[in-house]
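Chain by chain, the residues run as shown.
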Amino acid sequence: MFDFSTVVDRHGTWCTQWDYVADRFGAADLLPFTISDMDFATAPCITDALQQRISHGVFGYSRWKNDAFLAAVAHWFHQRFNSQIDTHTLVYGPSVIYMVSELIRLWSKPGDGIVVHTPAYDAFYKAVEGNQRHIVPVAMEKRATGWQCDMAKLEAALSQPENSLLLLCSPQNPTGKVWTRSELQTIAGLCARHNVAVISDEIHMDMVWGNHTHTPWNEVARGKWALLTSGSKSFNIPALTGAYGLIGDDESREQYLSALKGRDGLSSPSVLALTAHIAAYHQGEPWLDALRDYLEANLHFIAERLNGAFPALNWQPPEATYLAWIDLSALGIDDKALQKELIEQQKVAIMPGYTYGVEGNGFVRLNAGCPRSKLEQGVERLIAGIHSLL
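Quick look at the structure, then. All figures in this text were calculated on a predicted structure; none of them were measured in a lab.

## Details of the packing of helix H4 (residues 67–81) against helix H11 (residues 285–309)
- Here H4 crosses H11 at 45°, and the two axes come no closer than 13 Å. When the axis of H4 is compared with that of H11, the two are oblique. The crossing of H4 and H11 is right-handed. Contacts between H4 and H11 involve Trp76, Gln79 and Arg80 on the former and, on the latter, Glu285, Leu288, Asp289 and Arg292.
- Residue classes in the contact of H4 with H11 are distributed as 2 nonpolar, 1 polar and 4 charged.

Right, dumping it as structure tokens:
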């Protein structure tokens with residue numbers, strides 16, 4: 001029913017991944033597998049809804065707190081996660097990272113430590129440090145059963161009085177770990193014990209594979225907490241802007257909304273973002289399910305080709321996200337030399353693991369959210385680049 005194989009040319013659309021690849025990699029003629037958006041057109045139900053809204057022709061100030069948007073979010077959480085949310089706790093924001101930054105300012109003070117599982121999404125470092133706080137890393141541990149958190153080490157970080165907040169990524173980016181309900185309950189209990197607030201970034205919640213199940217933070221939450229997310233990753237609509245979240249306590253919610261509206265002047269949302277989310281959450285499920293099948297097959301293709309070329313890697317697809325977090329350390333390749341080879345000789349842009357912290361040394365992160373024909377080229381160029389250094 002849906003076509004994910006036809007290549008859509010994104011050149012000339014002011015696209016970060018394609019048109020501005022030189023900003024990060026220093027060359028413009030690269031095949032990119034970088035920032036985590038996808039090369040697919042969004043769901044037809046979304047484009048239909050947008051076209052209908054555009055035909056109205058009036059794009060005045062708008063409100064996010066309307067019955068259609070609130071009901072769409074509640075429907076999605078019930079439909080996908082069997083989770084009942086209280087729409088009274090729902091808030092809006094222009095992006096998840098804006099909302100993260102606002103809550104960091106609200107729930108901590110300059111100089112505080114923000115506990116983060118590492119390696120971590122690079123925007124987390126920028127949001128924390130840009131707000132004059134500092135990252136307190138708790139390194140994820142790679143085990144035979146997958147990525148794990150040492151809960152004793154986490155508690156040691158949470159117990160320090162200057163560490164006032166846990167910034168959780170669920171599912172985790174870049175490792176692709178899906179936190180189990182039991183793990184989340186343990187984390188919630190530790191944070192409550194040490195009076196640490198929790199911000200849970202769940203933007204990848206719809207991209208969980210196999211038998212793994214996403215548990216929304218509101219299902220386990222205790223104390224002061226927020227769940228932040230968006231349909232932007234799942235339906236490939238980040239350029240429309242728009243995110244939303246749940247904030248558990250009334251006082252924090254009112255303080256957040258006061259800053260959104262008063263200090264930052266952002267209370268009028270993108271009406272097209274609202275339109276897209278409502279259409280996605282009521283009509284987009286068949287498209288998303290077909291997309292998920294395609295993406296999961298892409299990840300298995302990467303595993304087959306990489307392990308065929310380099311059996312020592314034994315790389316396994318992640319539990320979640322369409323981002324392949326590939327451990328190359330068994331091959332003993334220098335990270336900087338590999339990037340130089342990939343950029344200058346293979347003409348491909350793949351994110352170096354050290355972008356996500358020192359724990360990312362020896363890794364690359366390859367975005368598999370693209371037609372198979374593009375992915376085949378990227379994987380072959382990665383393999384060729386590795387071979388040239390061995």
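Structure shown, so let's carry the discussion forward.
## Comments concerning the nonpolar core
- With 132 residues, the main nonpolar core has Ile46, Leu154, Leu166, Trp217, Phe235, Ile302 and Ile326 as its most contacted residues.
- With 10 residues, H11 is the largest single contributor of residues to this core.
- Dropping the residues within four chain positions of it, Ile46 is found in contact with Phe235, Ile237, Ala276, Ala279 and Ala280.

## Details of the side chain of Ser252
- The topology assignment puts Ser252 in helix H9 (residues 250–263).
- A polar contact is formed between the side chain of Ser252 and the side chain of Asp249, at a distance of 2.9 Å.

## Overview of the state of the cysteines
- For the structure on display, the rule yields 0 disulfides.
- There is no disulfide at Cys149, and the cysteine sulfur nearest it, in Cys191, is 10 Å away.

## Re the sheet that holds strand S11 (residues 323–327)
- Spatial ordering of the open sheet is given by S1-S12-S13-S11, a layout of 4 strands whose pairing is mixed. Since the sheet does not close on itself, it has two edges, and those belong to strand S1 (31–33) and S11, each with one partner. Geometrically, the sheet is characterised by an average inter-axis angle of 35° between neighbouring strands, direction not taken into account.
- In the sheet, strand S12 (residues 348–352) pairs with strand S13 (residues 363–367) via 2 bridges, with the strands oriented antiparallel. Paired with Met351 across the bridge in S13 is Arg365.
- Contacts from helix H12 (residues 335–344) reach S12 and S13, with the element oriented near 155° to S12.
- Sheet strands touched by helix H13 (residues 372–389): S1, S11, S12 and S13. Its angle to S1, the strand with the most contacts, is close to 95°.

## Details of helix H10 (residues 271–283)
- With 13 residues, H10 extends 18 Å between its outermost C-alpha atoms, agreeing within 8% with the 18 Å of an ideal straight helix rising 1.5 Å per residue.
- Where H10 is concerned, the buried positions are Val271, Ala273, Leu274, Thr275, Ala276, His277, Ala279, Ala280 and Tyr281.

## What to know about the packing of aromatic side chains
- Under the defined criterion, the tally for this structure stands at 17 aromatic pairs.
- Pairing Tyr244 with Tyr281 gives two aromatic rings, centres 6.2 Å apart and planes at 85°, and the pair type is edge-to-face. Within this pair, whereas Tyr244 is found in strand S10 (residues 243–247), its partner Tyr281 is found in helix H10, the two being separated by 37 residues in sequence. Pair check on accessibility: Tyr244 and Tyr281 agree, each one buried.
- On the basis of an interplanar angle of 80° and a centroid distance of 5.7 Å, the ring pair of Trp325 and Tyr356 is categorised as edge-to-face. Residue Trp325 is found in strand S11, and its partner Tyr356 is found in the loop between S12 and S13; the two are separated by 31 residues along the sequence.

The rules behind the values
- Residues numbered from 1 in each chain as written.
- Predicted model: local features only at pLDDT ≥ 70, side-chain atom pairs only at ≥ 80, totals over all residues.
- Heavy atoms only, no water.
- Axes fitted to C-alpha atoms, helices over the stretch in contact; angles between N-to-C directions.
- Helix = DSSP H or I, 4+ residues; strand = E, 2+ residues; numbered from the N terminus.
- Parallel < 35°, antiparallel > 145°, perpendicular 65-115°, else oblique.
- Left-handed = near helix turned anticlockwise from the far one by under 90°.
- Contact = heavy atoms within 4.5 Å.
- Nonpolar A, V, L, I, M, F, W, Y, C, P; charged D, E, K, R; others polar.
- Core = buried A, V, L, I, M, F, W, Y, C linked by side-chain atoms within 4.5 Å.
- Buried < 20%, exposed > 50% of the residue type's maximum accessible area, 1.4 Å probe, protein only.
- Polar contact = N/O pair within 3.5 Å; in protein donor to acceptor, adjacent residues only side chain to side chain.
- Disulfide = S-S within 2.5 Å.
- Pairing = 2+ DSSP bridges.
- Expected span 1.5 Å × (residues − 1).
- Phe/Tyr/Trp six-rings, centres within 6.5 Å; stacked < 30°, edge-to-face > 60°.

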